[in-house]
Amino acid sequence: MVDHNKKVKVLVIGDSGVGKTSLVHLLCHNDVMSNPVYTIGCSVDIRLHNYNNVPSSPTYFIEFWDVGGTFGHEKGRAIFYNSIHGSSGSELTSHSVEYVT
């Protein structure tokens, strides 16, 4: 059973095409996406996690909010970021080959 005090919300943000959706999919499903698609708006994925994989430890309910990074939707993202409450952290994803990201 999940204790609501153990709920974690993580925003995954970064430029378009850097692998945010692939990273979230890997973390939540332990599987590599063969054909990732662009995220339009926001996608939420969930992982139930036991700390150190110990069955007696509390189960954490982790929400990954994968926010689309398309440059043309910059104003919409700003409104979205201001409306999210209770975020526990963020993951900034960048591409190590592309200088502009």
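Residues numbered from 1 in each chain as written. Predicted model: local features only at pLDDT ≥ 70, side-chain atom pairs only at ≥ 80, totals over all residues. Heavy atoms only, no water.

1. Notes on the overall build of the protein chain
Counting secondary structure elements, the protein chain contains two helices and four strands. Summarising the internal contacts of the protein chain: among those between residues at least 6 apart in sequence, 57% fall at separations of at least 24. When the accessible area of the protein chain is evaluated, it comes to approximately 7,200 Å², of which 56% is carbon and sulfur surface. (Helix = DSSP H or I, 4+ residues; strand = E, 2+ residues; numbered from the N terminus. Contact = heavy atoms within 4.5 Å. Areas by Shrake-Rupley, 256 points an atom, 1.4 Å probe, with all protein chains shown as cover.)

2. Describing the confidence of the model for the protein chain
Low-confidence regions, as indicated by low pLDDT, have predicted coordinates that should not be scrutinised in detail. Looking at the protein chain as a whole, its pLDDT mean stands at 76, while 63% of the residues score no less than 70. No element of the protein chain has a lower mean pLDDT than strand S4 (residues 89–93), at 59, and none a higher one than helix H1 (residues 20–29), at 92. (pLDDT = per-residue confidence, 0-100.)

3. Describing the environment of Thr39
As for its placement among the helices and strands, Thr39 is situated in the loop between H1 and strand S2 (42–50). With a relative accessible area of 16%, Thr39 lands in the buried category. For the pair Thr39 and Asp66, spaced 27 residues apart in the sequence, the C-alpha separation amounts to 7.7 Å. Residue contacts for Thr39: discarding those within four places in its chain leaves Thr21, Asp66 and Gly68. At a separation of 2.7 Å, a polar atom in the side chain of Thr39 contacts the side chain of Thr21. Side chain to side chain, Thr39 and Asp66 meet in a polar contact 3.2 Å long. (Buried < 20%, exposed > 50% of the residue type's maximum accessible area, 1.4 Å probe, protein only. Polar contact = N/O pair within 3.5 Å; in protein donor to acceptor, adjacent residues only side chain to side chain.)

4. A look at the pairing of strand S3 (residues 59–67)
With seven of nine residues buried, S3 lies mostly within the body of the structure. Note: S2 against S3, nine bridges, orientation antiparallel. Considered in S3, the bridge of Cys42 is made with Val67. (Pairing = 2+ DSSP bridges.)

5. Side note on the pattern of salt bridges
This structure, assessed with the given rule, holds one salt bridge. A salt bridge links Glu63 to Lys7, with the nearest nitrogen and oxygen atoms 3.3 Å apart. Here the residue Glu63 occupies a position in strand S3, and Lys7 occupies one in strand S1 (residues 7–14), the gap between them amounting to 56 residues. For Lys7, a relative accessible area of 42% corresponds to the partly exposed category. (Salt bridge = Lys/Arg side-chain N within 4 Å of Asp/Glu carboxyl O.)

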